[in-house]
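Summary of structural features
Listed below, chain by chain, are the residues.
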Amino acid sequence: MNIRQFVSESYPLDTRGNAWRDILATLGLRSDSPEQDFDHFAAAVIRGQADGVLLGSLTATAQSLSPLARRGRMPLVMMPLDEAVEVAAEAGRFVIEPGEAVILPADKTWDAFLRQNTNFAVFSLSETVLHGQRFGLSPLASPFHVAATGLGKVFLQSLRAAASELDGLSDLEWQSVEQVIADLYLTVIVSLSSAAADAGVNASQAALFSRLTMAIERRVAEPDLSAGRIARQEGISERYLQKLFEQNGESFTHYLRERRLQHARMALVAPDELRIPISEVAYSCGFTDAANFNRLFKERFGLPPGAFRTNHLKSLMEMANAEQRGWPVKALTDRKVKKRSAVGGVQVGDTELAGTPDTDGTHHVLPANSKTVHWGYFSRSLRPVLEISSGDTIEVETLTQHSSDDPELFIKGDTAAEDVFFWNAEKKNVDRRGAGPIDASVYGRGAGEGFGVHVCTGPIYVNGAEPGDVLEVRIDDMVPRPSGNPDYKGRHFGSSVAAWWGYQYGELLQEPKPRENVFIYEIFPDGDGGGFARAHYAYRWTPQEDPFGVAHKTYDYPGVPVDPATIEKLSPVLSGIQIPLRPHFGVIAVAPREDGPVDSVPPAYFGGNIDNWRLGKGASVYLPVSVPGALLSIGDPHASQGDGEVAGTAIECSMTGRLTVILHKKGGRFSDLTYPLIETPEEWVLTGFSHPNYLAEFGVKGQGEVYAKSSLDLAMKDAFRKTRRFLMGTYGLGEDEAIMLMSAGVDFGVTQVVDGNWGVHAIIPKSIFLTEVEDQDLIVRA
Amino acid sequence: MTHHTLPATADTVHWGYFSKSLKPQLTVKSGDRVTIETITHHANDDHARMIAGDAAAEEIFLWTAEEKTIKRRGAGPQEGPYEHGSGEGLGVHLLTGPVEVEGAEPGDVLEVRIIDAYPRPSANPEYKGRYFGSNPSANWGFQYNDYLEEPKPREVVTIYELDMSAPATVSALYSYLWTPQTDPDGIVHPTIDYPGVRVDHDTITKKEGILSGVKIPARLHFGTMGVAPAEADLVSTIPPSYTGGNMDDWRITKGARMFYPVAVPGALFSVGDAHASQGDSELSGTAIEISLTGEFEFVLHKKADLPGTVMEGLDHPLLENDEIWSVYGFSVTNYLAELGPDHQYEILKSSSLDNAMRDAFRKLRRFLMTVHGLSEDEAISLMSVAADFGITQVVDANWGVHGSIRKSVFTCP
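Rules of the game
- Residues numbered from 1 in each chain as written.
- Chains lettered and ligands numbered in written order.
- Predicted model: local features only at pLDDT ≥ 70, side-chain atom pairs only at ≥ 80, totals over all residues.
- Heavy atoms only, no water.
- Helix = DSSP H or I, 4+ residues; strand = E, 2+ residues; numbered from the N terminus.
- Rg over C-alpha atoms; globule rule 2.2 N^0.38 Å.
- Buried < 20%, exposed > 50% of the residue type's maximum accessible area, 1.4 Å probe, protein only.
- Contact = heavy atoms within 4.5 Å.
- Areas by Shrake-Rupley, 256 points an atom, 1.4 Å probe, with all protein chains shown as cover.
- Phe/Tyr/Trp six-rings, centres within 6.5 Å; stacked < 30°, edge-to-face > 60°.
- pLDDT = per-residue confidence, 0-100.
- Buried area = accessible area lost by both parts, 1.4 Å probe.
- Salt bridge = Lys/Arg side-chain N within 4 Å of Asp/Glu carboxyl O.
- Axes fitted to C-alpha atoms, helices over the stretch in contact; angles between N-to-C directions.
- Parallel < 35°, antiparallel > 145°, perpendicular 65-115°, else oblique.
- Nonpolar A, V, L, I, M, F, W, Y, C, P; charged D, E, K, R; others polar.
- Patch = residues over 30% accessible without salt bridge, like charges linked within 9 Å, V, L, I, M, F, W, Y side chains within 5 Å.
- Lys, Arg positive; Asp, Glu negative; His and termini not counted.
- Charge placed at Lys NZ, Arg CZ, Asp CG, Glu CD.
- Pairing = 2+ DSSP bridges.
- Polar contact = N/O pair within 3.5 Å; in protein donor to acceptor, adjacent residues only side chain to side chain.

1. Brief notes about the overall build of chain B
A tally of helices and strands in chain B yields six helices and 25 strands. At 21 Å, chain B has a C-alpha radius of gyration in line with the 22 Å of a compact globule built from 413 residues. For chain B, the spread of C-alpha atoms along the three principal axes comes to 65 × 45 × 45 Å. Each of the 413 residues in chain B was classed as buried or not, and the buried ones make up 65%. Taking the intrachain contacts of chain B between residues at least 6 apart in sequence as the baseline, contacts between residues at least 24 apart amount to 75%. Of the roughly 14000 Å² that chain B leaves accessible, carbon and sulfur atoms contribute 51%.

Right under this line is the structure:
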């Protein structure tokens, strides 16, 4: 398949800029930004051929793009997908909103500004596909704004759909798709040249009109906004403004009212704003009279605003049992993310510390309780529960979120677990579980919606840690936590759920289908990090009603206490089978750089749900720091897991770890590390993901998308690129040497296929290198 | 038990294809042992080290304007005009065999035990007693369209030496960029597109001192081993399938027992494509390709005797060694049956790890349910907590993921 995939993080820092310029050049674009800093991120998937149709789906941080003058190319189309893009040309500046597009002549001067991390599609067509016929095309004098109406809408929607499925289409499917889009594009171009000739609407008028509409969008909340005010702001006469609107087919007053109503409609169903009273929504959109607003809204949308919102909520509830992990993509497209959105629980700024942190020693003890854990999400806004310095050791307790699978074994008599899992009709000690809305307005599962499930202890503030540094977390020891129930004194248990997010769920052989099963294991540690597990009993998941009265037909929310009266215990199961232990932490994370709560399930550059059993006693993980203090969290302890974690979980078992935390300042040993790197006494283990930096790639708003787009093929590609970079950067090998070595001496394995962002790891045995790598300094050959 | 020897000669090898119509080179009974020589199809990457002075290799690789000992190389057309040469290189591995197993019938399972494997020394007096192999980063490698440095794309051949003193390791000697090579029939090979073309060392530039200080632990194994498929007469050796073939798992080594479903009478076992070492994924397209000699024991399991053994219900290759059982998932489980008459070409477009993972998951689930008597729910829980899935290869068209379960898990077998 003629697909080119690009992620800047695959490249050593000093070659990233060039690699990105190469990719842009394929599409006839040039970046005018200076050398990227380390935070810079870019990704692209480009499909097609230079002498035909090329379509790219790109993500890039703030920069400006301009044309690379080339002959033989038709004007290219640029379509922002999530954030607006501003275009400046001789004829003026205008803003292209997501879902619209701009046609940009390759032979004229213009700049397209990305103001922040932006997803956009680029479509480019070679003149050769016209076969010499030019359909009476006249050359485009300046950038043209394609609005989402009529033919333009059909074209835009096709483009958008194709861009989102670039790597999912077979060659044959792609051929049909590129044909359709090329045809639509030509039709748009032709109608454009003839319309401009007929109606006398010139490009500068179009640009001015676009600017007027932008001004209206910005000021829609002003109740006394008028044509006069807008005209004055833009320096034209009111009459000319009215004329422009008439040319566009409607009066200014009508247009403004329509925009106010559309804003109100969006606000009514925005997940973050569901609790805002309707009258306030009306005011925020420039309506002064609630009754008038109600009437206009009903005329326009068929329902009064209150009923409209209720209807919307009802339809969401109906979707509630749709099996979807994480944020549903659909709900997110409408969602407005606010700066520093509330996470629930205690919130402080980035660096402010709560109370008096424990700083007077080098060994710290961090117990797990309802004040020291956060459940199902990471956030840079979380208040640290402990402050430490580089070189300190910590004894940290972690609790498995699966304790509620058998409260009798895991919770009863264990003060910490009783505190964290406490939940009755009136009170729930840890309310937020997941990165979803606190009012459960998407599915109604519970606060946080279970978009993220892991009980994490932390965050821990590391003195002096800054973005660009690397935090090393070494696991000196870990031991399973004994049952607190006197009836099971001194015994250890774990739980493994074959859940709806497991690899098997859609293709079970035996009835009833589908189903979820919980296997409770007893753990027999040998006191030296080893030992084995045996199945204790199993049961099939039955609908469980949580103490707040919400029914959970599937395992869709963490920590719902399973009522023993509703299940049927199956025993013996897996008789004659004992599983060697591989104790490890599934989750070790520093806070992501993005704002807002981030789902704990998909692993990414900041670590998180790595689920690699090699991250146990004696191993270290290196994590790139994104926020001041790093904000380290640990959780999801596992007694054992296989490569793949196919059923969706490991043997989940509460554990206590002894960790050493070492801060490596920027510029040192791992200056361009952009992913979690594991080191064991014998091996380097590199972690590849389907989408290595999915938060940047899809946007925080698109968190849920990673669940739909995971693939081992992508994860393998990422693991390959990271390994190449590691061997070249850290061991100073040439590219060819790195590739030979990977073929002959590096083992690639499947980490997991159940965490949204699937993983492939590469294992490099250290013994390959004759020269021992010293603890602090890696050898770099000139 | 009888012990046989099957040397690699111009008569006992076939190049680039499996075929149910090939004449057996040896007939054995169940329980017999055979010492089989194999010669790597990459020997001509460095003729002086891997062919010169070795009479068998010299004859097999002989190719002048007048004479070409082994014309067909691959399952492609045998009549010109050729794009690459006879057989078109549609299949590249030089295999020794086939070995016919008396009484083997479709539905039976052939067990092949690898008793030993050792390297074939250079016969050139200049390198006497030393062992050499070759690792091309080739056009079918995972890196080919994803290079960072110029020139892009490129093929690079690295010649390695194997040191058998314990623990055995492999080190790089030198490498060179592939340059267009003209074969004795006048066809130019701009890339590595046809096996056995002698590289003219006057056309290449050797780069010394590469991978200095790097010693790769040896993993002597046979990349291609299997029985003849029933679906077609000529089958490329590149994509692995239900009868084995180019599995490229380094665990297929001394101490391993491979089980293959027999597809044609006599089973027709062939072996070759030996490797000095390889990582899981075989990323660059090849392993360290070397000539090895193996000692094999053949055990035929009749269809009626399979129930109650690890072979019950087996319709794909299975590996057993002292520690694990492994099953092999492919992008297309049985591409010969599933992809229609153009399967040799269709498979090239069907490579996918996602499909291979799916296949490995299903095969391991079946194995645990049929052979170990687990319920589906038990099998799935056990796989999640104790089975390891790894990437076998991403370069043999039909990509592979293996699923392994440790035998120690079953305390009461």
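2. Regarding the packing of aromatic side chains
Any aromatic ring pair is given by two values, namely how distant the centres are and how the planes are angled relative to each other. Residue and element names in this part refer to chain A. Enumeration over the complete set of coordinates arrives at 39 aromatic pairs over all chains. Between phenylalanine 123 and phenylalanine 155 the ring centres are 6.3 Å apart and the planes differ by 80°, which places this aromatic pair in the edge-to-face class. Here phenylalanine 123 is found in strand 11 (residues 118-125), whereas its partner phenylalanine 155 is found in helix 2 (residues 150-164), with 32 residues between them in sequence. Phenylalanine 123 sits in the buried class, given a relative accessible area of 1%. With a relative accessible area of 0%, phenylalanine 155 lands in the buried category. Taking 6.5 Å as the distance between ring centres and 40° as the angle between the ring planes, the aromatic pair formed by tyrosine 622 and tryptophan 684 counts as tilted. Placement of tyrosine 622 in strand 29 (residues 620-624) and of tryptophan 684 in strand 34 (residues 683-689) is noted, with a sequence separation of 62 residues between them. Like tyrosine 622, the residue tryptophan 684 is buried in the burial classification. Among the aromatic residues, ring-to-ring pairing joins Tyr622, Trp684, Phe726, Tyr731 and Phe769 into one connected group.

3. Considering the confidence of the model for chain B
Should the pLDDT be low somewhere, the predicted coordinates at that spot are not to be read in detail. For chain B, per-residue confidence averages 95 on the pLDDT scale, and residues scoring 70 or more make up 100% of the total. Taken over the whole predicted complex, pTM reads 0.77, whereas the ipTM for its chain interfaces reads 0.94.

4. Some words on the interface of chain A and chain B
Taken residue by residue, the interface counts 70 residues in chain A and 69 residues in chain B. Of all residues in chain A, Tyr503, Met740 and Ser743 of chain A bury the most surface against chain B, accounting for 11% of the area lost on that side. The interface formed by chain A and chain B contains 12 salt bridges. For aspartate 736 of chain A, the salt bridge goes to arginine 154 of chain B, with nearest N and O atoms at 2.8 Å.

5. Description of the packing of helix 5 (residues 227-234) of chain A against helix 6 (residues 238-247) of chain A
Residue and element names in this part refer to chain A. In contact at an axis separation of 8 Å, helix 5 and helix 6 are set at 105° when each is read in the N-to-C sense. The angle between the axes of helix 5 and helix 6 places the two elements in the roughly perpendicular class. Listed contacts from helix 6 to Ala227, Gly228, Ile230 and Ala231 of helix 5 are Glu238, Leu241 and Gln242. Its residues placed into classes, the contact of helix 5 with helix 6 shows four nonpolar, two polar and one charged.

6. Here's the deal with the pattern of salt bridges
A complete count under the given rule lists 56 salt bridges over all chains for this structure. Between aspartate 476 of chain A and arginine 474 of chain A there is a salt bridge; the shortest N-O distance is 3.4 Å. A residue is classified by how much of its surface remains accessible, and arginine 474 of chain A, at 30% relative accessible area, is partly exposed. With a closest N to O distance of 2.7 Å, glutamate 507 of chain A and arginine 358 of chain B form a salt bridge. One end of the pair, glutamate 507 of chain A, is in the loop between strand 20 (492-498) and strand 21 (517-525); the other, arginine 358 of chain B, is in helix 5 (residues 353-372), on a second chain. Classification of glutamate 507 of chain A by relative accessible area gives buried; the value is 15%.

7. Examining a negative patch on the surface
Residue and element names in this part refer to chain B. Together, Asp11, Glu59, Glu66 and Glu67 make up a negatively charged patch on the protein surface. Here glutamate 66 is to be found in the loop between helix 2 (55-61) and strand 6 (94-101). Overall, the relative accessible area of 72% leaves glutamate 66 in the exposed class.

8. Here's the deal with the pairing of strand 10 (residues 169-177) of chain B
All names here are of chain B. In terms of strand pairing, strand 9 (residues 156-163) meets strand 10 through eight bridges, oriented antiparallel. Counterpart to valine 156 in the pairing with strand 10 is leucine 177. Pairing of strand 10 with strand 14 (residues 216-217) involves two bridges; the strand directions are antiparallel. The partner of threonine 169 across the bridge, within strand 14, is proline 217.

9. As for the side chain of histidine 41 of chain B
Residue and element names in this part refer to chain B. The topology assignment puts histidine 41 in the loop between strand 5 (33-37) and helix 1 (47-50). Take histidine 41: its relative accessible area is 6%, and that puts it in the buried class. Reaching out from histidine 41, the side chain makes a polar contact with the side chain of histidine 42 at a distance of 3.4 Å.

10. A word on the environment of glutamate 208 of chain B
Residues and elements named next belong to chain B. Within the element layout of this structure, glutamate 208 appears in strand 13 (residues 207-208). Assessed through its relative accessible area of 56%, glutamate 208 is described here as exposed. Sequence separation between glutamate 208 and tyrosine 174 is 34 residues; the distance between their C-alpha atoms is 4.6 Å. With sequence-adjacent residues up to four places away left out, glutamate 208 is seen in contact with Leu173 and Tyr174.

11. A word on the confidence of the model for chain A
All names here are of chain A. Mean pLDDT for chain A: 85, with 87% of residues reaching 70 or above. Mean pLDDT across the elements of chain A ranges from a minimum in helix 11 (residues 329-333), with 51, to a maximum in strand 26 (residues 584-590), with 98. Throughout residues 132-136 the model reports pLDDT below 50, and contacts reaching past four residues in sequence, or to other chains, amount to four contacts. Every residue in residues 332-361 is under pLDDT 50, and counting partners more than four places away or in other chains gives 50 contacts.

12. Quick notes on the pairing of strand 26 of chain A
Residues and elements named next belong to chain A. In terms of burial, strand 26 is largely enclosed, as seven of its seven residues are buried. Looking at chain direction, strand 26 and strand 30 (residues 632-640) are connected through six bridges and run antiparallel. Looking at strand 30, one finds that phenylalanine 585 is bridged to proline 637. Alignment of strand 26 against strand 28 (residues 607-609), held across three bridges, turns out to be antiparallel.

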